[in-house]
Amino acid sequence: MPLKLGVNLDHVATLRQVRGTSYPDPVEAAHLAAAGGASGITAHLREDRRHMLDDDIRRLRTEQILPLNLEMAIHPDVVALALEVGPPEVCLVPERREELTTEGGLDARGQFRALAPVVRSLRENGAEVSLFIEPDEGQVRAAVDLGAPAVELHTGRYCDRTAAAAEAELVRLRRAAQFAYEQGLKVNAGHGIHLGNVEGILTIPRLHALNIGHSIVARAVFVGLTEAVREMAHAMYRYPLPAPPP
């Protein structure tokens, strides 16, 4: 099965919110992403609503342009909206108001008691629940124990590091992906991926989808969103690439 591309449209909404206009519209962006070959749309509804708004999520779900993956922390009002809207996929992420973007994986083991009822209610509502975690065996085991059917491995530490450190992180990602697959989990990955580093990501085994946002929206400034999505989808076409020997 080809590696799927989920396009995160948060920063389309960021452009709108920075000026308080009605444009650019994330729903229009979803149509353009679909034309470029996206398999799904990802949107992060933050507690402070700094980019995506409740109405964006409702419209993305109602219009069903592509399957919606709702990224969210376990804030009660966001959980309530997720249960109302019923996205087919939900990815639970950590969140701090002062961060620019999500800075690391969810501590699924440390937050087990808080996460368990949220995972259960979302799954009972029909969502495939994923946990955004570090490539760590303990976090994978926690996801299994919580009953989450999927994980999204945090690739930011690989994407942000220089060659030697990046390779060591890539080894962690490969091992975690294989381990998660062996536990029966669907394995996605995302954060910090762009055309310059995606080749390394393509050596991670057992991946179902990559969720990519900022680099695609940034590239769209120069080539348009449909072409930016098409470029990334083309770069992912060769998956999987063989990993070098350890």
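Relevant structure appears above.
Reading the values: rules and limits
- Residues numbered from 1 in each chain as written.
- Predicted model: local features only at pLDDT ≥ 70, side-chain atom pairs only at ≥ 80, totals over all residues.
- Heavy atoms only, no water.
- Helix = DSSP H or I, 4+ residues; strand = E, 2+ residues; numbered from the N terminus.
- Rg over C-alpha atoms; globule rule 2.2 N^0.38 Å.
- Buried < 20%, exposed > 50% of the residue type's maximum accessible area, 1.4 Å probe, protein only.
- Areas by Shrake-Rupley, 256 points an atom, 1.4 Å probe, with all protein chains shown as cover.
- Lys, Arg positive; Asp, Glu negative; His and termini not counted.
- Charge placed at Lys NZ, Arg CZ, Asp CG, Glu CD.
- Pairing = 2+ DSSP bridges.
- Contact = heavy atoms within 4.5 Å.
- Salt bridge = Lys/Arg side-chain N within 4 Å of Asp/Glu carboxyl O.

J.: Account for the overall build of the chain, with residues named and values stated.
T.: The helix and strand tally for the chain stands at 11 helices and 8 strands. Its C-alpha atoms give the chain a radius of gyration of 17 Å, near enough to 18 Å, the size a compact globule of 246 residues would have. Projecting the C-alpha coordinates of the chain onto the three principal axes gives extents of approximately 50 × 45 × 35 Å. Within the chain, the fraction of its 246 residues that count as buried is 52%. Of the roughly 11,400 Å² of accessible surface on the chain, 53% is carried by carbon and sulfur atoms. Taking the 26 positively charged and 32 negatively charged side chains of the chain as two groups, their mean positions are separated by 2 Å.

J.: Tell me about the pairing of strand S6 (residues 150-154), and name the residues and values.
T.: For a regular strand, side-chain orientation follows a simple rule: the groups alternate between the two sheet faces. Among the 5 residues of S6, 5 are classified as buried, and the element is accordingly described as predominantly covered. Burial along S6 is two-sided: the residues Ala150, Glu152 and His154 and Val151 and Leu153 are all buried. Alignment of strand S5 (residues 128-133) against S6, held across 4 bridges, turns out to be parallel. Bridging across to S6, Ser130 finds its partner in Ala150.

J.: Quick one: what's the story with the environment of Asn69, residue by residue and with numbers?
T.: Topologically, Asn69 is positioned in strand S3 (residues 68-72). Of the residues examined, Asn69 reaches a relative accessible area of 6% and is grouped as buried. Spatially, the C-alpha atoms of Asn69 and His208 are 14 Å apart, while their sequence positions differ by 139 residues. Residues in contact with Asn69, not counting those within four places in the same chain, are Ile41, Thr42, Ala43, Glu89, Val90, Cys91 and Asn211.

J.: So what's going on with the pairing of strand S1 (residues 4-8)? Residues and values would help.
T.: The element S1 is extensively covered by neighbouring structure, given that 4 of its 5 residues are classed as buried. Across 4 bridges, the pairing between S1 and strand S8 (residues 207-212) is parallel. Residue pairing in the sheet places Leu5 in a bridge with Leu210 of S8. As paired elements, S1 and strand S2 (residues 40-44) share 3 bridges and run parallel to each other. Paired with Val7 across the bridge in S2 is Ile41.

J.: Give a description of the pattern of salt bridges that names residues and reports values.
T.: With the rule as written, the count across this model stands at 16 salt bridges. Across the pair Asp145 and Arg109 runs a salt bridge, and its minimum N-O distance is 3.0 Å. Here the residue Asp145 occupies a position in helix H6 (residues 137-146), and Arg109 occupies one in the loop between strand S4 (89-92) and helix H5 (112-124), the gap between them amounting to 36 residues. Among the ionic pairs, Glu169 bridges to Arg161, the shortest N-O distance being 3.8 Å. Since its relative accessible area comes to 3%, Glu169 is described here as buried. Among the charged side chains, a network of salt bridges with common partners joins Arg49, Asp54 and Asp77.

In short, shape yes, function no, at least from these values alone.
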